[in-house]
Amino acid sequence: MYTLENLQTELLEKTEDKNEEFLRLFHGRGGSYESWEFLTIDSINSVLSIAYFDEIDEVLEKELLELYLRLFETDKYKAVILQKRYLPKAPSELIFGKLAENNYAIENGISYKLNLLNNQNNGFFADMKIGRSFVKDNAKDKNVLNLFSYTCAFSVAAFKGGARCVVNVDMSKKVLETGRDNHRLNDVQIRGTRYMPYNILKSFSRIKKAGPYDLIIIDPPSFQKGSFAATKDYQKIIRRLPELASEQCIVLSCLNSPSLNSQFIKDIFTEQAPDFKFIKRLENMRSFPNIDSERALKNLVFKNF
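Residues numbered from 1 in each chain as written. Predicted model: local features only at pLDDT ≥ 70, side-chain atom pairs only at ≥ 80, totals over all residues. Heavy atoms only, no water.

Asks: Go over the pattern of salt bridges with me, naming the residues and quoting the values.
Replies: On inspection of all chains with the given rule, the structure shows 12 salt bridges. A salt bridge links K84 to E61; the nearest nitrogen and oxygen atoms lie 3.5 Å apart. A residue pair is termed long-range when its members are at least 10 positions apart, and K84 in strand β4 (residues 79-84) and E61 in helix α2 (residues 58-72) qualify at 23 residues. Notably, a salt bridge pairs D181 with K113, separated by 3.0 Å at the nearest N-O pair. Of the two residues, D181 is situated in helix α5 (residues 173-185) and K113 in strand β7 (residues 110-114); the sequence distance between them amounts to 68 residues. Here K113 falls in the partly exposed class, since its relative accessible area comes to 31%. (Salt bridge = Lys/Arg side-chain N within 4 Å of Asp/Glu carboxyl O. Helix = DSSP H or I, 4+ residues; strand = E, 2+ residues; numbered from the N terminus. Buried < 20%, exposed > 50% of the residue type's maximum accessible area, 1.4 Å probe, protein only.)

Given below as C-alpha cells:
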C-alpha cells in the first residue's frame, strides 16, 4: 500500500537534484499507486504544480498541504500551484510563493510558454515528450503538417530538427497565438511557419494547397464538443491522407483516449488508407506509468509505401 510517507520520500529524492527541465514527479492517474489515482505533481523549473482529479477528504488534504509546504521551504521552488480538475473550469490557485510574470516548460532545451492559472490545460502536454523527440529526429528538410496543433509544440520541435516548413492547423486562434510566441521564444523559422485557424474537418481543400506533406502529425482531442469525436471523426482525417501526403510520407497518429486502443487506429488505416503501413508504437514516458498501456497515450507511426 502506497502511503503519504512513501510519497514524501519519493518527492524529496526526486527534487534533490532537479534542474530547470520539466519533470513529472508523481503520476497517480495511471493506477500504479493504489488510492492515489487522484494526484499528479510536476516540477516546472521553479514551480511545483499539483493537480487533483477527484475530491479528497479534509484530513488527507491538510496533510498534503503540509507536505507541499515542506517542499516549498527547501528553496527548490518559488511558487506552488494547486489545480482542482474535478471542479467546473478546473480552477487553479497559488497556494505558496509568487509566480513569475512569464512561465515556461523546458524540454530538451526547448521552451514552451505556459498559462499556469485560470486554464484547464496549461498549454503543454508533458507526456508527449517522446512524440516531440520523434518529430524532431525525422523532420529534416521536410514539409510538415501539424493537425490539431494546439500551441504548436510539435512545430517548434520540427524546426529544431531542420524542417523546411510547418503548417499548423487548429480551430482556436488563441492557442495559435501562443504557438507564434513559442516559435519566437525558441528563435525558429517564422517565415517557414503557417497558421491555419480552421476546423480541420471542413478545410481539407485549404490544407491540401500547402502540401504535399512529408511528415504529418495527427494529435486530436478524444472529444471536443461541437468539433471532434475520435470515435466517429478520426477516420475522416485518415481517409484524406492520400490527398495530403507525399511519397514515403511518415504519419505520427496520436490517441489519448483511455477507452480506445491501438487497434482502433490500425483498423482505420487498414480501411481508409491501406497504402500506409504500421511501423511501430512509440514508447511512453516512464514518469507517466500506467497499469494498462492501452489506456495510456498511444503514438503510432505509419509510412506511405
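Now that the structure has been shown, we can carry on.
Asks: Let's hear about the packing of aromatic side chains: which residues, and what values?
Replies: Under the definition given, this model contains 16 aromatic pairs. Between F278 and F302, the ring centres sit 5.6 Å apart and the planes meet at 65°, which makes this aromatic pair edge-to-face. Of this pair, F278 sits in strand β15 (residues 276-281) while F302 sits in strand β16 (residues 298-304), and the two are 24 residues apart along the sequence. Overall, F278 belongs to the partly exposed group, its relative accessible area being 35%. What makes F302 buried here is its relative accessible area of 1%. (Phe/Tyr/Trp six-rings, centres within 6.5 Å; stacked < 30°, edge-to-face > 60°.)

Asks: Outline the environment of F124, supporting the account with residue identities and numerical values.
Replies: Within the secondary structure, F124 is located in the loop between β7 and α3 (129-138). For F124, a relative accessible area of 8% translates into the label buried. Each C-alpha atom of the pair F124 and A153 lies 7.6 Å from the other, and the pair is 29 residues apart in sequence. Dropping the residues within four chain positions of it, F124 is found in contact with F22, A105, E107, Y112, L114, R132 and Y150. (Contact = heavy atoms within 4.5 Å.)

Asks: Which residues make up the sheet that holds strand β3 (residues 47-52), and what values go with them?
Replies: Strand order in the open sheet formed by 5 strands is β1-β2-β3-β4-β5, with mixed pairing between adjacent strands. Of all the strands in the sheet, the pair left with one neighbour each is β1 (23-27) and β5 (92-97). Recorded for the sheet is a direction-independent mean angle of 20° between the axes of neighbouring strands. This element, α2, spans β2 (39-44), β3, β4 and β5 of the sheet and lies at about 50° to β5. (Pairing = 2+ DSSP bridges. Axes fitted to C-alpha atoms, helices over the stretch in contact; angles between N-to-C directions.)

Asks: Please provide a residue-by-residue account of the pairing of β3, values included.
Replies: Burial analysis of β3 places 6 of its 6 residues in the buried class, which makes it a mostly covered element. Going residue by residue along β3, you find V47, S49 and A51 tucked away on one face and L48, I50 and Y52 tucked away on the opposite face as well. The pairing of β2 with β3 spans 6 bridges and is antiparallel. By the bridge assignment for β3, T40 is matched with A51. What sits between the antiparallel neighbours β2 and β3 is a turn of 2 residues, in which N45 has the positive phi angle 60°. Read from β3 through α2 to β4, the crossover connection turns out right-handed. (Right-handed = clockwise from strand over helix to strand, strands pointing away.)

Asks: So what's going on with unusual backbone geometry? Residues and values would help.
Replies: The omega angle of the peptide bond from G211 to P212 is 0°, so this bond is cis rather than trans. Within the secondary structure layout, P212 lies in the loop between α6 (204-209) and β11 (213-218). Even without being a glycine, N108 presents a positive backbone phi close to 50°. Position of N108 among the secondary structure elements: in the loop between β6 (103-107) and β7. Look at D187: it is not a glycine, yet its phi comes out positive at around 55°. Position of D187 among the secondary structure elements: in the loop between α5 and β10 (193-196). Among the residues examined, D187 registers a relative accessible area of 70% and is labelled exposed.

Remember that the coordinates give geometry; whether it matters functionally is a separate question.
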